[in-house]
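Coordinates in review
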Amino acid sequence: VFSRDRFDLNYINPIVFYRYIESYRGSADNAFIGLDAKVTLANHFLVYGQLMLDEFLINKVRSDPGSWVNKFAGQIGFKYIDAFGIPNLDLQGEFNAARPYTYQHLSGQTNYAHYSQPLAHPLGANFMEGIGIARYQWLRLTATGTFGLMLTGTDSPFRNYGGDVLKNYESRVRDEGNFIGQGRQTIITYADMRVSYMFRHNLFLDARYLYRIQDSQYKLNTYTTNLASIAIRWNLAYRSWVF
């Protein structure tokens, strides 16, 4: 991630490691290292995962797991296709987490965001999340249920606990003793049920109900949301911000 008037052609080199180029050029840009993998087992199971390293010092991980420089995020999940031998019944479970100060950088021009929105996850960083999804299709009818549980830490005034990716990491509250959920601890629970019926080719009628509870140590940020909607969708795939 960079913010300059000229693009550095060295970044196009497909062989040399980005971090080495940055060090050699004295660059103030921001680089990430990512790895993703997935494995299919017995034609019914899919195991997948991702690992992203923002900054990673192995000696810090061993000697001080709470150091602010231990900035990384990960995901692990599985899918069970035609679960229990039932055609078109798919189950999915997923766990996501990001350490405090992950994706932050020295300025708003080099953090991992776009139009002031986090690019990796809506919660930014400093969170862990578990998601369960069930999908079932019968003829033209499709039902999808999603349940999620999230733990995150939000900032208090003039305090940077590492969840807001738009902030400068030099404004961090401490160098050591950091942990996921620090700050104003917030627990979010939600359930989302959607039923779609295709009454013509690629023409869908969608009905949805969402129930969400946010419980925060900062009581003014505690609330419950109920949302019900009916929509018509034509020749478009349904977009979900969860999966």
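For the structure, see preceding data.
Quick notes on the rules
Residues numbered from 1 in each chain as written. Predicted model: local features only at pLDDT ≥ 70, side-chain atom pairs only at ≥ 80, totals over all residues. Heavy atoms only, no water. Core = buried A, V, L, I, M, F, W, Y, C linked by side-chain atoms within 4.5 Å. Buried < 20%, exposed > 50% of the residue type's maximum accessible area, 1.4 Å probe, protein only. Contact = heavy atoms within 4.5 Å. Salt bridge = Lys/Arg side-chain N within 4 Å of Asp/Glu carboxyl O. Helix = DSSP H or I, 4+ residues; strand = E, 2+ residues; numbered from the N terminus. Pairing = 2+ DSSP bridges. Axes fitted to C-alpha atoms, helices over the stretch in contact; angles between N-to-C directions. Polar contact = N/O pair within 3.5 Å; in protein donor to acceptor, adjacent residues only side chain to side chain. Phe/Tyr/Trp six-rings, centres within 6.5 Å; stacked < 30°, edge-to-face > 60°. Lys NZ or Arg CZ within 6 Å of the ring centre and 35° of its normal.

**Here we look at the nonpolar core**
Counting residues in each nonpolar core, the largest one holds 8 residues, listed as Phe 32, Met 52, Ala 73, Ala 98, Tyr 103, Ala 125, Phe 127 and Val 165. Ignoring anything within four residues of it in the chain, the contact list for Met 52 reads Phe 32, Ile 33, Gly 34, Phe 72, Ala 73, Thr 102 and Tyr 103. The next biggest cluster of nonpolar side chains, apart from the first, holds 6 residues, and it includes Ile 133, Met 150, Ile 188 and Tyr 190.

**Some thoughts on the pattern of salt bridges**
Opposite charge on two side chains lets them pair, provided their charged atoms get close. Scanning the entire structure with this criterion turns up 5 salt bridges. Where Asp 54 meets Lys 71, a salt bridge forms, and the shortest distance between an N and an O atom there is 3.6 Å. One end of the pair, Asp 54, is in strand β2 (residues 45-55); the other, Lys 71, is in strand β3 (residues 71-80), with 17 residues separating them in the sequence. With a closest N to O distance of 2.8 Å, Asp 206 and Arg 233 form a salt bridge. Of this pair, Asp 206 sits in strand β10 (residues 203-216) while Arg 233 is found in strand β11 (residues 223-234), placing the two residues 27 residues apart along the sequence. On the basis of relative accessibility, which here comes to 11%, the residue Arg 233 falls in the buried class.

**Observations regarding the sheet that holds strand β1 (residues 33-41)**
In a beta sheet, neighbouring strands pair by backbone hydrogen bonds and run either parallel or antiparallel. Reading across from one edge, β1-β2-β3-β4-β7-β8-β9-β10-β11 is the order of the 9 strands in this open sheet, with antiparallel pairing throughout. Looking at strand neighbours, the two that pair on one side only are β1 and β11, the edges of this open sheet. This sheet shows a mean twist of 10° between the axes of neighbouring strands, independent of strand direction. Where β2 lies against β3, 10 bridges are found, and the strand directions are antiparallel.

**Quick look at the side chain of His 105**
In this fold, His 105 is placed in the loop between β4 (89-98) and β5 (113-114). With relative accessibility at 7%, the residue His 105 sits in the buried group. Side-chain polar atoms of His 105 contact the side chain of Thr 110, separated by 2.7 Å.

**Some details on unusual backbone geometry**
Although it is not a glycine, Tyr 101 sits at a positive phi angle of roughly 75°. Inspection of the secondary structure puts Tyr 101 in the loop between β4 and β5. Positive phi values are uncommon outside glycine, yet Asn 126 reaches one of about 60°. Tracing the backbone shows Asn 126 in the loop between β6 (117-118) and β7 (127-138). By relative accessible area, which is 0% here, Asn 126 ends up buried.

**Side note on the packing of aromatic side chains**
Each aromatic ring pair is described using two quantities: the centre-to-centre distance and the angle formed by the ring planes. According to the stated counting rule, one finds 6 aromatic pairs in the structure shown. Seen from their ring centres, Phe 32 and Tyr 112 are 4.9 Å apart, and the 55° between their planes marks the pair as tilted. Residue Phe 32 is found in the loop between α1 (18-25) and β1, and its partner Tyr 112 is found in the loop between β4 and β5; the two are separated by 80 residues along the sequence. Each ring, one from Tyr 80 and one from Phe 84, has its centre 5.5 Å from the other, and the planes form 75°; the classification is edge-to-face. With relative accessibility at 18%, the residue Tyr 80 sits in the buried group. Taking the relative accessible area as the measure of exposure, Phe 84 reaches 62% and is therefore exposed. Members of the aromatic cluster, joined through ring pairs, are Phe 32, Tyr 103 and Tyr 112. The ring centre of Trp 68 lies 3.8 Å from the NZ or CZ of Arg 172, which sits over that ring. The residue whose ring lies beneath Arg 194 is Tyr 238, and the NZ or CZ to ring-centre distance is 3.7 Å.

Keep in mind these numbers describe shape, not what the thing actually does.
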